[in-house]
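Structural characterization, general
Residue-level listing of the chains:
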Amino acid sequence: MNKAKRLEILTRLRDHNPHPTTELNFTSPFELLIAVLLSAQATDVSVNKATAKLYPVANTPQAILDLGLDGLKSYIKTIGLFNTKAANTLKTCQMLVNLHNSEVPENRAALEALPGVGRKTANVVLNTAFGWLKDNEGNYFLAVDTHIQRLANRTGYAKGKTVEQTEQAIIKNTPNKNEFMFNLHHWFILHGRYTCVARKPKCGSCIIEDLCEFKDKTA
């Protein structure tokens, strides 16, 4: 795929949705951090249903710690892998209290050191909660999940066998980075979630179908 096609893809996605954001509900960096941690291998809808009950009761590290393991599980038991996620959430909250004065750090390495928090989660928090495009060394905070990896590879926008390879390929191949990179994660994840779906992409209703290089387009 050439630069002109990539530029047109981004332009159309931006024109279609000028101000995209996450579908996870949050009112603070901490709430977003926990929501993204809980969303691994789960839907945003299921996470929002759980946090709608959890956050009015506990939306700070200490408040969640005060719930205890069983108390926290009672709020998130409808989410997949809730046992592991509950344990990681409590460990993360303890580290935030002990090491960061109960605040979410604005640093990818510090975020990735938290239990259950990987590169994607760290990038989401830095980009969406704190509004960072990149760090002082020029490293972009681009969160890539399975939807984005599928979309990038299927369309030909960027190729990568792993999530991190795809992340780097997207960053390398994206034109006008200062214009498009900040919202690219949201545009791609929403397009992958609702249009370029895994089993049968909805090519007939896709706004970038003519630009996409997927060989097996559907009606």
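Above this note sits the structure.
The sections below set out a description of the structure shown in this document. What you are looking at is a predicted structure, and each value in this text was computed from that prediction instead of being measured.

Side note on the pattern of salt bridges
- Summed over the entire model, instances satisfying the criterion amount to eight salt bridges.
- Residue Asp15 is joined to Arg14 by a salt bridge in which the shortest nitrogen-to-oxygen separation is 3.9 Å.
- Residue classification places Arg14 among the partly exposed residues on the basis of a relative accessible area of 25%.
- One salt bridge in this structure joins Asp44 and Arg193, with 3.0 Å as the shortest N-O distance.

Brief notes about the packing of helix H8 (residues 146-155) against helix H10 (residues 177-194)
- H10 packs onto H8 with a crossing angle of 85° between their chain directions and a minimal axis gap of 8 Å. Relative to H10, H8 is oriented roughly perpendicular. Residues His147, Ile148, Arg150 and Leu151 of H8 lie in contact with H10, whose contacting residues are His185, Phe188, Ile189, His191, Gly192 and Arg193.

Observations regarding the nonpolar core
- In this structure, Phe30, Leu33, Ile64, Leu72, Ile76 and Leu111 are the most contacted members of the largest nonpolar core, which totals 33 residues.
- Of the residues forming this core, the biggest block, eight residues, is contributed by helix H2 (residues 29-39).
- When neighbours within four sequence positions are excluded, Leu72 is seen to be in contact with Leu54, Ile64, Leu67, Ala86, Thr89 and Leu90.
- Counting residues in each nonpolar core, the second largest holds 26 residues, with Ile148, Trp187, Leu190 and Cys206 among its members.

A closer look at the side chain of Glu167
- You can see Glu167 is positioned in helix H9 (residues 163-173).
- The contacts of Glu167, once residues within four sequence positions are left out, are Arg108, Arg119, Asn123, Tyr140, Leu142 and Val144.

Some remarks on the packing of H2 against helix H7 (residues 119-129)
- Close contact between H2 and H7 brings their axes to 10 Å; oriented N to C, the two are set at 150°. Both H2 and H7 take part in a crossing whose hand is right-handed. Seen from H2, the contacting residues are Pro29, Leu32, Leu33, Val36, Leu37 and Ser39; seen from H7, they are Lys120, Thr121, Val124, Val125, Thr128 and Ala129.
- Its residues assigned to classes, the contact of H2 with H7 comprises eight nonpolar, three polar and one charged.

Reading the values: the criteria
- Residues numbered from 1 in each chain as written.
- Predicted model: local features only at pLDDT ≥ 70, side-chain atom pairs only at ≥ 80, totals over all residues.
- Heavy atoms only, no water.
- Salt bridge = Lys/Arg side-chain N within 4 Å of Asp/Glu carboxyl O.
- Buried < 20%, exposed > 50% of the residue type's maximum accessible area, 1.4 Å probe, protein only.
- Axes fitted to C-alpha atoms, helices over the stretch in contact; angles between N-to-C directions.
- Helix = DSSP H or I, 4+ residues; strand = E, 2+ residues; numbered from the N terminus.
- Parallel < 35°, antiparallel > 145°, perpendicular 65-115°, else oblique.
- Contact = heavy atoms within 4.5 Å.
- Core = buried A, V, L, I, M, F, W, Y, C linked by side-chain atoms within 4.5 Å.
- Left-handed = near helix turned anticlockwise from the far one by under 90°.
- Nonpolar A, V, L, I, M, F, W, Y, C, P; charged D, E, K, R; others polar.

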